[in-house]
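Summary of structural features
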Amino acid sequence: MCFPTILRLLGLFLMVFSFSMLTPLFVGMIFLSKESGPFYYSFSLTFNVGLFLWIIFRNHQNEIKMYDGFLIVVLFWVVSCSFAAIPFCLSAGGNLSLVDGLFEAVSGLTTTGASILENVDSLSYPVKYYRQQLHFVGGMGIIVLAVAILPILGVGGMQLYRAEMPGPIKENKLTPRITETAKSFWYIYVGMNITCITLFWFAGMSFLDAIGEGFSTVATGGFSMHANSFAYYNNTWIECIAMFFMILSATNYGLHFLAISQNSIKYYWQDHEFQQYILWLLIFIFIVVWGMEQYSTADISLIKKLFAVVSLATTTGFVSEPFANWPVFIPIVIMLGAIVGGCSGSTCGGLKTIRLMLLRKQVQRELHRLLHPQAVVRLKIGESVLPYYVVHAIWGYVAAFIGFFTILLIILMSQEINLVTAFGAAVAAMANAGAGIGDVAVNYYELTGISKCFMMLAMIAGRLEIFTLMILFTPMFWKN
């Protein structure tokens, strides 16, 4: 473990990250807001700490190894969330505690979207914009952005990329060099943001609202510019645009790259994970629409029902209708959609469709082997045979997810939170879905400090897909 190199790289990352605190200053200038001080102080502190680390360790330029990559990723997420909380603690009327400020920052950067704020509409324009910008920065991963500029920093990036990117199969690269892959993803990501923002603006949003909601939509985040989320707009066109981009961003960005580079959409329909993802969406939509027809007398439009399912199944967490109040099992079904999540290599959270698809194939194989014990049945995706270590890793991940989720659920219930609320909060944190049910259907302000701390840990674990965080707590990691 090369700690001087790790600290040098951490300093460089912090200096890059600090510049994200300058854009709210320009928003404040445009809207004549007096909330500029917190962002100036936050930028100065973050940049100077990063500069200090870089100066101290600037002569250490060893190549980072796999072990270093895991530690750098976790360290930077924890440190960046800590510095990102400073503006919330210094602004927002000065009424946020350190824990609440950290909760809002972690929720923003991990694109969870679970807000601690009771009245978003009362915030100043710079703070409202800053919340949404955290989603934009965290959407494709701060580390992936840094990988794109690592040649300038003089450090290799493959280890960081493998530790950061979601999904069970991380070795595949779309371009010969990993930095080019990261850049390609970011070009697509920025392009989708610009397109989404433009369409929101044309559909009737103010320009600042369009920017903020666009950041959150493409990042599948969930923070909104208004306390009522998308119910504030009451605009069918806006909801349809949001659904389109939520689904698009919950799709593997590798497919977007192929479709754009080859000028063909056939790659979407040829991808088995995407097919399964759309099938899951249709199943959840059918159950919710059928359930509402059977058990609800409320006059809720089909678009509102579709929006609720798509928003949670992509782990975004926008709300255009308070689905937590819908009858019987329907809110639970919608939350289960968040656990499934979207595709690997996307901005969304959850277990990911490909894992569940492979688990289903594994169950089918075991059933086949019960009838034919001597048969050799290989797991395939299309014509490709999967190596056994991928299947084993998926079982391990799902077991870790269930274990982590169960522990979090028990901890939340130990804080005198009822089962429905605890379940919704646990799903919102672990799947980075944001929206909850029960007492956290609106916000998470009433949770205890202990509950908030463990939810923050769960958000980071969910964003880094658990193993990246868990591995730091194994003796074997530190012995090597």
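If you're wondering where the values come from, they're calculated on a predicted model, not measured in any experiment. (Residues numbered from 1 in each chain as written. Predicted model: local features only at pLDDT ≥ 70, side-chain atom pairs only at ≥ 80, totals over all residues. Heavy atoms only, no water.)

Here we come to the overall build of the protein. Per the secondary structure count, the protein includes 24 helices and two strands. What you see for the protein is a C-alpha radius of gyration of 22 Å, in line with the 23 Å of a compact globule of 480 residues. Principal axes of the C-alpha set define a box for the protein whose edges measure 65 × 60 × 50 Å. Residues counted as buried form 58% of the 480 residues belonging to the protein. Put simply, of all contacts in the protein between residues at least 6 apart along the chain, 72% involve residues at least 24 apart. Split by element, the accessible area of the protein, about 20300 Å² in all, is 66% carbon and sulfur. Each charge sign in the protein was given a centre, from 25 positive and 24 negative side chains, and these centres are 13 Å apart. (Helix = DSSP H or I, 4+ residues; strand = E, 2+ residues; numbered from the N terminus. Rg over C-alpha atoms; globule rule 2.2 N^0.38 Å. Buried < 20%, exposed > 50% of the residue type's maximum accessible area, 1.4 Å probe, protein only. Contact = heavy atoms within 4.5 Å. Areas by Shrake-Rupley, 256 points an atom, 1.4 Å probe, with all protein chains shown as cover. Lys, Arg positive; Asp, Glu negative; His and termini not counted. Charge placed at Lys NZ, Arg CZ, Asp CG, Glu CD.)

Summarising the element assignment, methionine 246 is placed in helix α13 (residues 236-249). We classify methionine 246 as buried; its relative accessible area is 0%. Taking C-alpha positions, methionine 246 is 7.2 Å from threonine 316, a pair spaced 70 residues apart along the chain. When near neighbours in sequence (up to four residues on either side) are disregarded, methionine 246 contacts Thr217, Thr220, Tyr277, Phe307, Val310, Ser311, Thr314, Thr316 and Phe318.

The full count for this structure, using the stated rule, is seven salt bridges. Put simply, lysine 352 and glutamate 465 hold a salt bridge, and the shortest N to O gap is 2.9 Å. Linking lysine 352 in the loop between α18 (330-340) and α19 (353-371) with glutamate 465 in the loop between α22 (449-463) and α23 (467-470), this pair joins segments that are 113 residues apart in sequence. Of the two residues, lysine 352 and glutamate 465, both sit in the buried class. The closest approach of N and O atoms between arginine 369 and glutamate 366, which form a salt bridge, is 3.5 Å. Of this pair, arginine 369 and glutamate 366 are both found in helix α19, three residues apart, which corresponds to roughly one turn of the helix. Among the residues examined, glutamate 366 registers a relative accessible area of 32% and is labelled partly exposed. (Salt bridge = Lys/Arg side-chain N within 4 Å of Asp/Glu carboxyl O.)

Taken as a whole and judged by the stated rule, the model has 35 aromatic pairs. Connected via pairs of aromatic rings, a cluster forms that spans Tyr129, Phe136, Phe185, Trp186, Tyr189, Phe215 and Tyr253. It is arginine 355 that lies over the ring of tyrosine 397; its NZ or CZ is 3.8 Å from the centre. (Phe/Tyr/Trp six-rings, centres within 6.5 Å; stacked < 30°, edge-to-face > 60°. Lys NZ or Arg CZ within 6 Å of the ring centre and 35° of its normal.)

What follows deals with helix α16 (residues 272-295). The first and last C-alpha atoms of α16 sit 34 Å apart over 24 residues, in line with the 34 Å expected at 1.5 Å per residue. If you check which residues of α16 are buried, you get Glu273, Phe274, Gln276, Tyr277, Leu281, Phe284, Ile285, Val288, Gly291 and Met292. Sitting at the head of α16, aspartate 271 places a side-chain oxygen 3.2 Å from the backbone nitrogen of glutamate 273. (Expected span 1.5 Å × (residues − 1). Polar contact = N/O pair within 3.5 Å; in protein donor to acceptor, adjacent residues only side chain to side chain.)

Let us look at a nonpolar patch on the surface. A surface patch of nonpolar side chains, amounting to about 560 Å² of accessible area, comprises Val363, Leu367, Leu370, Leu371 and Trp395. The element contributing the most residues to the nonpolar patch is α19, with four residues. The topology assignment puts leucine 370 in helix α19. Looking at leucine 370, the relative accessible area reads 66%, which means it is exposed. (Patch = residues over 30% accessible without salt bridge, like charges linked within 9 Å, V, L, I, M, F, W, Y side chains within 5 Å.)

In this section: the side chain of glutamine 276. Checked against the element boundaries, glutamine 276 lands in helix α16. Classification of glutamine 276 by relative accessible area gives buried; the value is 13%.

Right, let's get into empty space enclosed by the protein. Enumeration according to the criterion identifies three cavities of 30 Å³ or more in this entry. Taken as a whole, the largest cavity encloses approximately 60 Å³ of empty space. If you trace the largest cavity, you find 12 residues lining it, with Cys348, Gly349, Lys352, Asn432 and Arg463 closest to the centre. (1 Å grid on protein atoms, 1.4 Å probe; cavity = no way out; pocket = protein on both sides within 12 Å on 5 of 7 lines; lining within 4 Å. Points joined across faces, edges and corners; volume = space filled by probe spheres on them.)

We now examine the confidence of the model for the protein. On average, residues of the protein score 87 in pLDDT, and 91% of them are at 70 or above. Counting contacts from residues 149-161, a segment whose pLDDT is below 50, to residues more than four positions away or on other chains yields 41 contacts. (pLDDT = per-residue confidence, 0-100.)

With that out of the way, let us pick up the nonpolar core. Phe200, Phe230, Phe323, Trp326, Tyr444 and Met455 are the most contacted members of the largest nonpolar core, which totals 148 residues. Other than its neighbours up to four places away in sequence, phenylalanine 323 contacts Ala308, Leu312, Pro331, Ile334, Met335, Ala435, Gly436 and Ile437. (Core = buried A, V, L, I, M, F, W, Y, C linked by side-chain atoms within 4.5 Å.)

Our focus in this paragraph is the environment of tyrosine 277. Residue placement: tyrosine 277 occurs in helix α16. The class of tyrosine 277 is buried, set by a relative accessible area of 1%. Spatially, the C-alpha atom of tyrosine 277 lies 9.5 Å from that of alanine 313, the residues being 36 residues apart in sequence. Not counting residues within four places of it along the chain, the set of residues in contact with tyrosine 277 comprises Met246, Ile247, Ala250, Thr251, Thr314, Gly341, Gly342, Cys343 and Thr353.

Among the residues making up helix α2 (residues 23-30), those that are buried are Pro24, Leu25, Val27 and Gly28. What you see down the axis of α2 is that its buried residues fit within an arc of 160°, all on one side. Those residues of α2 that are exposed and angled more than 90 degrees off the buried face are Phe26, Met29 and Ile30. In the core, the buried residues of α2 are packed alongside α3 (37-57), α7 (125-139) and α12 (207-218). At the exit of α2 stands leucine 32, carrying a positive phi of roughly 55°. (Arc of directions from axis to C-beta.)

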